[in-house]
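Inside the fold
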Amino acid sequence: MSEEKKILGLYPGELDIELIEYINKNEMEEWAIWVYIRNLVEDFALSTFFIPTPDEGYVLTEEGKNFIRAEYQDLDYQIHYLIYQTRKFGVTFKHEPCEENDFEPGDNYKKWFNFWESHFDAMGKEGRRKFDETVREGKDYTEFLPKTRWNDEALERVD
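What this report covers is the structure whose coordinates are included nearby.

Rules used throughout
- Residues numbered from 1 in each chain as written.
- Predicted model: local features only at pLDDT ≥ 70, side-chain atom pairs only at ≥ 80, totals over all residues.
- Heavy atoms only, no water.
- Helix = DSSP H or I, 4+ residues; strand = E, 2+ residues; numbered from the N terminus.
- Phe/Tyr/Trp six-rings, centres within 6.5 Å; stacked < 30°, edge-to-face > 60°.
- Buried < 20%, exposed > 50% of the residue type's maximum accessible area, 1.4 Å probe, protein only.
- Lys NZ or Arg CZ within 6 Å of the ring centre and 35° of its normal.
- Contact = heavy atoms within 4.5 Å.
- Arc of directions from axis to C-beta.

**Structural notes on the environment of Asp107**
In this fold, Asp107 is placed in helix H5 (residues 107–136). Taking the C-alpha atoms as reference, Asp107 lies 8.1 Å from Phe93; in sequence the two are 14 residues apart.

**What to know about the packing of aromatic side chains**
Inspection of the entire model under this criterion finds 13 aromatic pairs. Between the aromatic rings of Trp31 and Phe131, the centroid separation amounts to 4.9 Å while the plane-to-plane angle is 80°, which identifies the pairing as edge-to-face. Within this pair, whereas Trp31 is found in helix H2 (residues 30–43), its partner Phe131 is found in helix H5, the two being separated by 100 residues in sequence. By the burial criterion, Trp31 is buried, and Phe131 matches it. With a centroid separation of 5.7 Å and an interplanar angle of 65°, the aromatic rings of Phe131 and Phe144 are classed as edge-to-face. Taken together, the positions of Phe131 in helix H5 and Phe144 in the segment after H5 put the pair 13 residues apart, joining distant regions of the chain. Through a chain of ring-to-ring contacts, the aromatic side chains of Trp31, Trp34, Tyr109, Trp112, Phe113, Phe115, Trp116, Phe120, Phe131, Tyr141 and Phe144 assemble into a single cluster. Over the face of the ring belonging to Phe120 we find Arg128, whose NZ or CZ atom lies 4.4 Å from the ring centre.

**Some words on the environment of Tyr84**
Secondary-structure assignment places Tyr84 in helix H4 (residues 73–85). Counting along the chain gives 19 residues from Tyr84 to Phe103, while the straight-line C-alpha distance between them is 8.6 Å. With sequence-adjacent residues up to four places away left out, Tyr84 is seen in contact with Gly9, Leu10, Phe93, Glu96, Pro97 and Phe103.

**Side note on helix H1 (residues 17–24)**
Along an α-helix, a turn takes 3.6 residues, which lines up residues three or four apart on a common side. Buried within H1 we find Leu19, Ile20 and Ile23. Down the axis of H1, the smallest arc covering the buried residues is 100°, so these residues share one side. Turned more than 90 degrees away from the buried face of H1, the exposed residues are Ile17 and Glu18. Downstream of H1 by one or two residues, Asn26 has phi in the positive range, about 60°.

Take a look at the structure:
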């Protein structure tokens, strides 16, 4: 395998190759990418570097960015790769990935993230358990998905 340039957003890091292939075939659903992003952050106990805000979702602090880059460079690549995949769902970026600078999600990434976070939070623990069980069993889980899209103009954050 040739050496890939390690550009945030484009380089997937050590993500599972089957997951990358699944994403590249456009078969990964929107909610699943949100779950992967959220789980990467939680699994590596980096949530202390994220500030939850009611209108912006989770914002990574400068301290968090520096820590991730110093201690968890591969995790940084994985998270940014998955974030960049959200463009498939209409999320835009202020800066596209390039060698000169980090790409930067647009304001609608925050709206996308908040939409999915609010949806899963509103399920509650029991609803989320039933959803997870339904997905694991390979059953139809559409009843658990939102009836609206993240980019509906009338959509408000549910707290």
